Amino acid sequence: VQLQASGGGLVQAGGSLRLSCAASGRTFSSYAMGWFRQAPGKEREFVAAISWSGGSTYYADSVKGRFTISRDNAKNTVYLQMNSLKPEDTAVYYCAADERYNPTLGWYEYDYWGQGTQVTVSS
């Protein structure tokens, strides 16, 4: 499956952004999806995950209550709605796909990756 992330940009602290990740090539609903992020000099970290149908979601503690992951299988797209953004949310955000839904999977265990989209939150 090929993944294309978009929607990043520059936003002030407290603002919102919605990231999208469009999938193509295989049956999108066969894949659980995840969002990860990587700040300069830091390891890639888990942000959120969603199951194949969207019935289950899981969030990192750092974004819980501020970010919402969702998916539209008819549009082959997964979203990350980010509200109340903070400067520490600044990073390159990546979407990833895997046939397994397991929020404890490390980033290195996901099979497919998008190219990343930059999110910058100014203070």
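None of these values were measured; they are calculated from a predicted model.

Engineer: Any chance you could explain the nonpolar core here in plain terms?
Structural biologist: Nonpolar side chains in soluble globular proteins generally cluster together in the buried interior. Core analysis: the largest hydrophobic core is formed by 37 residues, its most contacted members being Met33, Trp35, Leu80, Met82 and Tyr93. Breaking this core down by element, the ones donating at least two residues are strand 1 (2-6), strand 3 (17-24), strand 4 (32-38), strand 5 (45-50), strand 7 (67-72), strand 8 (77-82), strand 9 (91-98) and strand 11 (117-122). If we skip the residues at most four places from it in the chain, Leu80 touches Leu17, Arg18, Leu19, Trp35, Val47, Ala48, Phe67, Thr68, Ile69 and Tyr93.

Engineer: What is the right way to look at the packing of aromatic side chains in this model?
Structural biologist: To describe a pair of aromatic rings, one takes the distance between the centres and the angle between the planes. If you walk through the whole model with that rule in mind, you get 10 aromatic pairs. Taking 5.0 Å as the distance between ring centres and 80° as the angle between the ring planes, the aromatic pair formed by Phe36 and Tyr110 counts as edge-to-face. Highlighted residues: Phe36 in strand 4 and Tyr110 in the loop between strand 9 and strand 10 (112-113), separated in sequence by 74 residues. Exposure remark for Phe36: the relative accessible area of 1% places this residue in the buried category. A centroid spacing of 5.9 Å and a plane angle of 80° characterise the contact between Trp107 and Tyr108, whose relative ring orientation is edge-to-face. When its relative accessible area of 32% is taken as the criterion, Trp107 is described as partly exposed.

Engineer: For this particular structure, what's the right way to read the state of the cysteines?
Structural biologist: Defined simply, a disulfide is a covalent bond joining two cysteines at their sulfur atoms. One pass over the structure, following the stated rule, counts one disulfide. Between the sulfur atoms of Cys21 and its disulfide mate Cys95 the distance is 2.1 Å. Disulfide Cys21 to Cys95: torsion about the S-S bond roughly 65°, handedness right-handed. Within this pair, whereas Cys21 is found in strand 3, its partner Cys95 is found in strand 9, the two being separated by 74 residues in sequence. Accessibility classification places Cys21 together with Cys95 in one group, the buried group.

Engineer: Looking at this structure, how should I read the pairing of strand 1?
Structural biologist: Consecutive side chains along a regular strand alternate between the two faces of the sheet. A one-sided burial pattern is seen for strand 1, the buried positions being Leu3 and Ala5 and the unburied ones Gln2, Gln4 and Ser6. Of the pairings in the sheet, the one linking strand 1 to strand 3 comprises five bridges and is antiparallel in character. Looking at the pairing, Ser6 lines up with Ser20 of strand 3.

Engineer: What am I meant to see in the pattern of salt bridges here?
Structural biologist: Between side chains of opposite charge, pairing is possible as soon as their charged atoms come close. Applying the stated criterion across every chain yields a total of five salt bridges. A salt bridge links Arg37 to Glu45; its shortest N-O distance comes to 2.6 Å. The network of salt bridges with common partners includes Arg37, Glu45, Arg66 and Asp89.

Rules used in this analysis
- Residues numbered from 1 in each chain as written.
- Predicted model: local features only at pLDDT ≥ 70, side-chain atom pairs only at ≥ 80, totals over all residues.
- Heavy atoms only, no water.
- Core = buried A, V, L, I, M, F, W, Y, C linked by side-chain atoms within 4.5 Å.
- Buried < 20%, exposed > 50% of the residue type's maximum accessible area, 1.4 Å probe, protein only.
- Helix = DSSP H or I, 4+ residues; strand = E, 2+ residues; numbered from the N terminus.
- Contact = heavy atoms within 4.5 Å.
- Phe/Tyr/Trp six-rings, centres within 6.5 Å; stacked < 30°, edge-to-face > 60°.
- Disulfide = S-S within 2.5 Å.
- Pairing = 2+ DSSP bridges.
- Salt bridge = Lys/Arg side-chain N within 4 Å of Asp/Glu carboxyl O.

That's the geometry; what it means functionally is another story.
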